[in-house]
Structure formats: C-alpha cells, structure tokens
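Letter by letter, the chains look like this.
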Amino acid sequence: MAAASCLLTEDQFLCSICLDVFTDPVSTPCGHNFCKACISQHWDTKVPYQCPNCKEVFNIKPEMLVNTFISEMAAHSSEQHVVKPGEVPCDACTGTRLKALQSCLVCLESYCETHLEPHLTRAGLKKHQLIDPVENLEGRVCVKHDKLLEMFCKTDQVCVCIHCTYSEHKTHDVVPLKEGCEGKKAELGKTEAETQQMIQKRRLKIQEMNRSVELSKEGADREIAHGVQVFTALKESVERSQAELIDTIKEKQRETEEQAEGYIKELEQEVSELKKRSSEVEQLSRSEDQLHLLQSFTSLNAAPPTKNWTEVRVRPPSYEGTVRRVLTQLEKTLKKQMKKLLEVELKRVQQSEVELTLDPDTAHPKLILSDDGKQVKHGDVRKNLPDNPERFNSCPCVLAKQSFSSGRFYYEVQVKGKTDWELGVARESINRKGQISLSPQKGYWLIVLSNENEYKAHAGPGVRLSLKSQPQKVGVFVDYEEGLVSFYDVDAAALIYSFTGCCFKEKLYPYFGPCYNDGGKNSAPLIISPVNHTE
C-alpha cells in the first residue's frame, strides 16, 4: 500500500462532489469514485443516474460497490493530515477538518493543502498575503476600520491599521510591523540576555547553597564526632569513678570483716580457755584430796588474766569522704572536658573574624582614636567637633564603621590595664544624645567592667558576673539569625556571658566604651586585636 500511495496524488483521495477526503468511497460502473452519501444525494437532486464526472447515464440505478482500496488509502491520507489538538484547522474543510498549511490575511481564513491550491494558482488570489497558519485571524483586523493591522504605534505600543495612522494615531510615532517587530526583537534579545544572566546567578546561588549544606553537614558530622568523643570520655570517667568507688567501699568492708573475724577468733580462743579453766575449777572444788587441792590451787590461780573487751568495737566504716573524693575527681574531669569544649567553641567562632575600624564620626568629642582606627581611649580635652546625628555627645563611646545585618561575625578587643570598659554591639537606631540607657530594650547588648573587678551584663536588669580571672582580651561573637551575642575570655578560653533569644531587625554595629580615664587610672586604650588562630 505504501508503494501504491506514492503513485497517487492528493486529489485522488478527494470526492469530486464535496471536495473532501472520501467517506465510505464507492465506485460507479464507469469507474469513478464518490462518497456514498454524496453520490446518493446527487442522484436524488440532479439528473438521475448520471455520472457527475463523465456524464454517462445509466438506465437503472446502478449497484454501488465499496472501493476498499480507495477507502483504505483515503483513511491513511486523512490520518496523515487530520487536524490534531494544538494545530490550526482548515476553515474550508467540511466533515473531517484537515490541518491548515497557511493562513490568508486577506481572506482571514486558514487552508489545508487542497484548499490552498487556488491561492497558489489563480492570479487574483496570488496577491493575497499568506503566513504560517494561525488561529483568531479576526484579531489581525482593526475592529474600527475593518482593515488589516499592518502598522505599529510606538507611542501607544499597539498595532494599528493604515487608516488609524490618519486619525487617532496621526501625531504618533508609527512604523511598519516589520520595523516594530525588529525593535521588539532587540528588546527580547536584551531581555533574554538579562534572563540568562539571572538564571546563571540563581544557578550559582544554588551551587553556593548546596556547598553551604555540604559544609553544614561536614560541620555537623564533626560536632557529632567531637560530642561523642567528649561524652564517651565522660562516660568512661563516670564508669571508672564508679568502679573505684565500689572497689574502695568493698575494700573497707573487707577490712572491717577481717578485723571482726580477728576479734571473734581471739574471743573464741579465750572462751575455749575459760571453759577449760572452769572445768578445772569445778573438778578441783569437788576434790576430797586436801593436799592435791592446795597444790593445784596455786597453779590455777597463776593462770593469765583474760583481756578486757569492754571498749573493743567493730565500727562500720564511713563512706562520706570516699564518695566526696570520687565526686571531686569526677568534677575535675567534667571541668576539664568543659574547658576542651569551650576551646573548640572559641576556635569555631574565631573562624567568623571580621576586620573592624573605629568610626570617628560616632566618637564622643573627648575620645582619642589612633590613626589606624584600632585603638580608643578617653582624654581630658573636649575636641571641637561637629555634633552630627551619628556622634555620641554624652556617653564616652564609639562605634565601628562596619555594620552587620545577617550571618555571624567575631572580633577581639584587648582590655589589659583598664579598670573600666564597655563592650558589645548596638543597633543602628540607638539614641546617641544625652544620657543613655544601656539595655537590650534600648538596642544595646553589652558587658562592662567597673571599679577594677566588678563585671556585669547589661541585660536589663543587670546581671553580676563571677569570673575566676580578669580577662585581658575579650572576644565578641554575634549570630544574627540565631539572636545570639556571646563574650569570651580569650586567654582562658572561657565563656563570660551570652545574650540569647535576641530579635535583631536592624544593622548591628560593634560598640566600644573606654569609659573615663579616672585621673589616669583608666588611661589604657581599648585595642581591636587580630585573632590568633592557633591549632
């Protein structure tokens, strides 16, 4: 059938009456083919029993035979060209609608290969403008002038017909569709480039996030391993202490039992000897031999005296000291592990180190800043500086130039030699004029030293801090998303204090308060120090 179909033209699959693909094709005795319904209707309304093609007349109504070959070929051809969902149908087809090959902008109709033939062969129709098949051809015609939309108004950004350019769009910048389309294509090219750039940025962001997840997982695995190591050491220490406690108690109990056994053995020996003496005394007292009694009495009387057991006691051992000693040792081990944890924690937060410099525009007029912006101390002379909105005019403090509104950051400040200082972070909208309330409610998260050894966290109300040693260098760590501000004694690798559950919504600035110099007693500067990343 495939070979045969190659020899047939498309027209041979069309009924000459309805000009559509055969439906139930039948053959007349003269050899021509028609749709069964078409030839039956033709003979009912036209010359009876005449072939529409060759005009041969039959005396009686001929018996119409189904042409199976044409039927199969027509069905095959129809399958190849019948319109499918999403395709533009032919407007001229009746019955089964075929796929349109082109649309006419003059006729405002779409045509399949067969019905397109007149536009390709007839002189008058050849002048019509054909385009790739599209639906809604009416939308290409101006509803006001019933003319083809072939111009583009750049002023109003709409398609118009030629008559529109002489009326409401007369003074507008109007160009042919082709020119307008070229301009839009240029814009589309730019948009496409921008879109591709946006896609690339987002792909890079995806890679960045995937990498962050990988690093987070690595960090989590590392922390889990370290945590397991710490708790395993603690568990082993507890088990070891427990075993030592049990062994100590059992040893004391064994010693007590051995002591009691010794006493009992000795007592039993004395009881045995006393029984023997009692028996001898009884026998002697019954003796009628006066000489024997007197001679034996002397030797009996000389027997060694028994031991005085009145004060002898077997006392249960005391275990209070033993338990306390074991718990003390366990406490030392726990503190040792805690110190290790804090050392690891400090090393981890130190990875978030940031470079800071002091902002002279925020400094109180009596503060003295170093040229490199790393040191600040209080002076006696009030400098003549502009009282700009950023400057503190009463509180002797200064902010860093750098601000942070996300992520984590860490910095260290040397406080050696100072008797008073204030350190921490402050939000951007804090009050900087006059007397200031240093509390989280007012936008300050600070710890302070006053009177040489009084440490406090300005937590609103203040929290007194008991430190084992005076910090010489303080580390400040902030996790913006977690709402955490922590302070560390860097040299001791000890946590001083943490503000937790904070809600940050603004930029945060590192805060430095060297306090008053107190006649030279507190003249040492606060120094922003580089982090020493030791292994």
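For the structure, see preceding data.
A brief look at the structure comes next. (Residues numbered from 1 in each chain as written. Predicted model: local features only at pLDDT ≥ 70, side-chain atom pairs only at ≥ 80, totals over all residues. Heavy atoms only, no water.)

## Considering the pairing of strand β18 (residues 473-479)
Right, on to step 1. Taken across its seven residues, β18 has seven buried, putting it largely inside the fold.
Right, on to step 2. Covered by surrounding structure in β18 are Lys-473, Gly-475, Phe-477 and Asp-479 together with Val-474, Val-476 and Val-478, the residues of both alternating faces.
Right, on to step 3. Inspection of the sheet shows β18 paired to strand β19 (residues 484-489) by six bridges, in the antiparallel sense. Note on β19: the bridge partner recorded for Val-474 is Asp-489.
Right, on to step 4. Counting the residues that bridge the hairpin from β18 to β19 gives four residues, and of these Gly-483 lies at a positive phi of roughly 65°. (Buried < 20%, exposed > 50% of the residue type's maximum accessible area, 1.4 Å probe, protein only. Helix = DSSP H or I, 4+ residues; strand = E, 2+ residues; numbered from the N terminus. Pairing = 2+ DSSP bridges.)

## Remarks on the environment of Arg-97
Right, on to step 1. Take Arg-97: it is sitting in the loop between α3 (68-81) and β4 (102-104).
Right, on to step 2. Arg-97 sits in the partly exposed class, given a relative accessible area of 36%.
Right, on to step 3. Along the primary structure Arg-97 and Lys-84 are separated by 13 residues, whereas in three dimensions their C-alpha atoms are 9.6 Å apart.
Right, on to step 4. If we ignore the near neighbours within four places in the chain, the residues touching Arg-97 are Val-82, Val-83, Pro-89, Cys-90 and Asp-91.
Right, on to step 5. At 3.1 Å, the side chain of Arg-97 forms a polar contact with the backbone oxygen of Cys-90. (Contact = heavy atoms within 4.5 Å. Polar contact = N/O pair within 3.5 Å; in protein donor to acceptor, adjacent residues only side chain to side chain.)

## Considerations on the sheet that holds strand β13 (residues 408-414)
Paired through backbone hydrogen bonds, the strands of a sheet run either parallel or antiparallel to each other.
Right, on to step 1. With respect to topology, seven strands assemble into an open sheet ordered β10-β11-β22-β13-β18-β19-β20, the strand pairing being antiparallel. The strands lining the two open edges of the sheet, one partner per strand, are β10 (367-369) and β20 (494-499). Going from strand to strand, the sheet's axes swing by 20° on average, the running direction of each strand aside.
Right, on to step 2. With three bridges connecting them, β13 and strand β22 (residues 526-529) associate as antiparallel partners. Across the sheet, the residue bridging to Glu-412 is Ser-529, located in β22. (Axes fitted to C-alpha atoms, helices over the stretch in contact; angles between N-to-C directions.)

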